[in-house]
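Now for the letters of each chain:
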Amino acid sequence: MKLTTYTDFGLRALMYLATLPEGELTSVARVSALYDVSRNHMVKVINQLAREGYIYALRGKNGGIRLAREPGHINIGRVIRLLENNLSGIDCGRPACHLVPACRLRSALVEAMEAFLQVMEQYTLADLISNRDELLPIFSHLESESLRRSAG
């Protein structure tokens, strides 16, 4: 199972936001720079997570983003189901497959995908950041690197 970059960015953004001090705001630009990804792409991900109530977004001069829920209340499997656009595992229409009438691959992949999602539903965002003391120095380093990239 390979997640789309869209879902990957969403999960990474949530992990970063979950390590911030409670109530602290950051920006989409900062999250984008941290991971060295397109700001436009990250805006789409953040907007969807905000619409779904995972991220609180405050517009304006003193605005920013932060988690809208406690990390222990954010189920990773549900976030993946929300962000992934193809959970069937295969697209039998592109290119058109002649095996469709007799193929059992699609149903096997759907079953495998469901098993994957059920495992991921056993994890919360809190589980993914339970090693916060190891993540903070990494995020600090990434922030320093992003500042060097923007200054250079």
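Up top you'll find the structure we're talking about.
Here the residue numbers are simple positions, counted from 1 along each chain's written sequence. Local features are withheld for residues below a pLDDT of 70 in this predicted model, meaning they are given only at 70 or higher, and side-chain atom pairs are given and counted only at 80 or more; totals for whole chains, interfaces and linings count all residues. Hydrogens and water are ignored here; the side-chain numbers use all heavy atoms of the structure.

### Some details on the packing of aromatic side chains
And step 1. The rule is short: rings of Phe, Tyr and Trp, with Trp giving its six-membered ring, pair when the centres are within 6.5 Å, and they are stacked under 30 degrees, edge-to-face over 60, tilted in between. For the structure on display, the rule yields 2 aromatic pairs.
And step 2. A centroid spacing of 5.1 Å and a plane angle of 75° characterise the contact between Tyr-16 and Phe-139, whose relative ring orientation is edge-to-face. With Tyr-16 in helix α1 (residues 5-19) and Phe-139 in helix α7 (residues 132-151), this pair connects stretches of sequence that are 123 residues apart. Accessibility classification places Tyr-16 together with Phe-139 in one group, the buried group.
And step 3. Ring geometry for Tyr-35 and Phe-139: centres 6.4 Å apart, planes at 80°, overall edge-to-face. You can see Tyr-35 sitting in helix α2 (residues 28-35) and its partner Phe-139 sitting in helix α7, a full 104 residues away along the chain.
And step 4. In this scheme, a residue with accessible area under 20% of its type's maximum is buried, one over 50% is exposed, and one in between is partly exposed, where area comes from a 1.4 Å probe on protein chains only. Residue classification places Tyr-35 among the buried residues on the basis of a relative accessible area of 14%.
And step 5. Owing to a relative accessible area of 6%, Phe-139 belongs among the buried residues under this scheme.
And step 6. Aromatic ring contacts, followed pair by pair, group Tyr-16, Tyr-35 and Phe-139 into a single cluster.
And step 7. Seen from the ring of Tyr-54, Arg-69 lies directly overhead, with NZ or CZ sitting 4.1 Å from the centre. Numbering of helices and strands runs from the N terminus, with a helix taken as a DSSP run of H or I at least four residues long and a strand as a DSSP run of E at least two residues long. Two conditions define a charge sitting above a ring: the NZ of Lys or the CZ of Arg must be within 6 Å of the ring centre, and it must be within 35 degrees of the ring normal.

### Observations regarding the layout of surface pockets
And step 1. The definitions used throughout rest on a 1 Å grid laid over the protein atoms alone, on which a cavity is an enclosed set of points accommodating a 1.4 Å probe that cannot get out and a pocket is an open set flanked by protein within 12 Å on both sides along at least five of seven lines; lining residues are those having an atom within 4 Å of a point. Grid points are joined across faces, edges and corners, and a volume is the space filled by probe spheres set on the points. Its volume calculated, the largest pocket comes out at about 310 Å³.
And step 2. For the largest pocket, the lining is made up of 15 residues, of which Val-28, Asn-47, Ala-57, Arg-59 and Ile-65 are closest to its centre.
And step 3. Mapped onto the lining of the largest pocket, the elements with two or more residues apiece are α3 (39-51), β1 (55-58) and β2 (64-67).
And step 4. Among the elements that take part in the lining of the largest pocket, α3 stands out by supplying 6 residues, more than any other.
And step 5. Empty space within the second largest pocket amounts to approximately 240 Å³.
And step 6. Along its surface, the second largest pocket is lined by 13 residues, and Glu-22, Gly-23, Leu-67, Arg-69 and Glu-70 are the ones closest to its centre.
And step 7. Residue classes follow a fixed rule: Ala, Val, Leu, Ile, Met, Phe, Trp, Tyr, Cys and Pro count as nonpolar, while Asp, Glu, Lys and Arg count as charged, and any other residue, Gly among them, counts as polar. By residue class, the composition of the lining of the second largest pocket is 7 nonpolar, 1 polar and 5 charged.

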